Amino acid sequence: MGLDMNMYAAENEITDLEQLWEEKDLPCWYWRKANQIHNWMVKHVQSGTDDCGLYEVSISQIKKLKDTVTSVLNTRNTKKLPPTAGFFFGSTEVDEWYWADLNDTQQYLDEMLTLSESNPQTKFYYYASW
């Protein structure tokens, strides 16, 4: 049990989880207990609602998150991406796992942006569960 987070890329609009599970071979990125990233998604994508729902993430939001992650990695100032407590969300310490999650996230976001550049119709969807 714990915070599991996914971002999916699809060429078609996905309106609910059932439709998402029916899609085959969607590009996907996965995080486990990266609570600082989940908190950012809740605040900037989910309008403050943390409900295990499926949310579309715009390219501008992906770029904003990438800028934030890059800033935190460069400055080591975690105020923009603080660790966040929650039900089985993992550690709230700024430790090697925190930084590894940010490095992974930076790579994932680069991949998403590259995919979007090669196929501008791509839509991205965030889903987290615990």
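These numbers were taken from a predicted model, which means no experiment stands behind them.

Scanning the chain from N- to C-terminus turns up four helices and four strands. Listed N to C, the secondary structure of the chain is β-α-β-α-β-α-α-β in terms of helices and strands. Against the globule reference of 14 Å for 130 residues, the chain gives a C-alpha radius of gyration of 14 Å, in line with a compact fold. With respect to the principal axes defined by its C-alpha atoms, the chain has extents near 40 × 30 × 25 Å. Taking all 130 residues of the chain together, 45% fall into the buried category. For the chain, long-range pairs separated by at least 24 residues make up 73% of all intrachain contacts whose partners lie at least 6 apart in sequence. Within the structure as shown, the chain displays about 7,100 Å² of accessible surface, and the carbon and sulfur contribution to it stands at 47%. In the chain, the 11 positive side-chain charges and the 20 negative ones have mean positions that sit 9 Å from each other.

Moving on, we come to the layout of surface pockets. Taking a probe equal in size to a water molecule and rolling it over the atoms shows the remaining empty space. The calculated volume of the largest pocket comes to roughly 150 Å³. Around the largest pocket, the lining residues are Arg 32, Lys 33, Asn 35, Gln 36, Pro 83, Gly 90, Ser 91, Glu 93, Asp 95, Trp 97, Tyr 98 and Asp 101. Secondary structure elements with two or more residues in the lining of the largest pocket: helix 2 (35-44) and helix 4 (96-118). By residue number, the principal contributor to the lining of the largest pocket is helix 4, which donates three residues. For the lining of the largest pocket, the per-class residue count stands at three nonpolar, four polar and five charged.

The next thing to look at is the pairing of strand 1 (residues 4-10). Within a regular beta strand, the side chains point alternately toward one face of the sheet and then the other, so they alternate between its two faces. Burial analysis of strand 1 places six of its seven residues in the buried class, which makes it a mostly covered element. Relative to strand 2 (residues 28-32), strand 1 runs antiparallel, the two sharing five bridges. Across the sheet, residue Tyr 8 finds its bridge partner in strand 2, namely Cys 28. By the bridge criterion, seven bridges tie strand 1 to strand 4 (residues 123-129) in an arrangement that is antiparallel. If you follow Met 7 over to strand 4, its bridge partner there is Tyr 126.

Okay, the packing of helix 3 (residues 59-75) against helix 4 next. Running from N to C, helix 3 and helix 4 cross one another at 145 degrees; their axes reach a closest spacing of 9 Å. Helix 3 and helix 4 meet at a crossing whose hand is left-handed. For the pair helix 3 and helix 4, contact is made by Ile 59, Ile 62, Lys 63, Leu 65, Lys 66, Val 69, Thr 70, Val 72 and Leu 73 and by Tyr 98, Trp 99, Leu 102, Asn 103, Thr 105, Gln 106, Leu 109, Asp 110, Met 112, Leu 113 and Ser 116, respectively. Here the contact of helix 3 with helix 4 is composed, by residue class, of 12 nonpolar, five polar and three charged.

Criteria and thresholds
- For every chain, the first residue of the written sequence is number 1, and numbering continues from 1 along that sequence.
- Per-residue local features are limited, in this predicted model, to residues with pLDDT of at least 70; the limit for side-chain atom pairs, both in listing and counting, is 80 or more; totals at the level of whole chains, interfaces and linings are taken over all residues.
- Computation of side-chain values covers all heavy atoms of the structure but excludes hydrogens and water.
- Each helix corresponds to a stretch of at least 4 residues labelled H or I by DSSP, and each strand to a stretch of at least 2 residues labelled E; elements are numbered beginning at the N terminus.
- In this description the radius of gyration comes from C-alpha coordinates, and the expected globular size is given by 2.2 Å times residues to the power 0.38.
- In this scheme, a residue with accessible area under 20% of its type's maximum is buried, one over 50% is exposed, and one in between is partly exposed, where area comes from a 1.4 Å probe on protein chains only.
- By definition in these notes, contact holds between two residues if any of their heavy atoms fall within 4.5 Å.
- Exposure was quantified through the Shrake-Rupley algorithm and a 1.4 Å probe, taking into account, for residues, occlusion by the shown protein chains and nothing else.
- Note that His is not counted, nor are the chain ends; the positive residues are Lys and Arg, and the negative ones are Asp and Glu.
- Taken as the charge centre is NZ of Lys, CZ of Arg, CG of Asp or CD of Glu, depending on the residue.
- We place a 1 Å grid over just the protein atoms. Points where a 1.4 Å probe fits but has no way out form a cavity, open points with protein on both sides within 12 Å along at least 5 of 7 lines form a pocket, and any residue with an atom within 4 Å of a point lines it.
- Grid points are joined across faces, edges and corners, and a volume is the space filled by probe spheres set on the points.
- Classification used: nonpolar for Ala, Val, Leu, Ile, Met, Phe, Trp, Tyr, Cys and Pro, charged for Asp, Glu, Lys and Arg, polar for all others including Gly.
- Strands were regarded as paired on the criterion that DSSP finds at least two bridges between them.
- Where helices are involved, their axes are fitted lines through C-alpha atoms of the stretch in contact, as for all axes, and angles between N-to-C directions lie from 0 to 180°.
- In this scheme the crossing of two helices becomes right-handed for a clockwise turn of the near helix relative to the far one and left-handed for an anticlockwise turn of less than a right angle.

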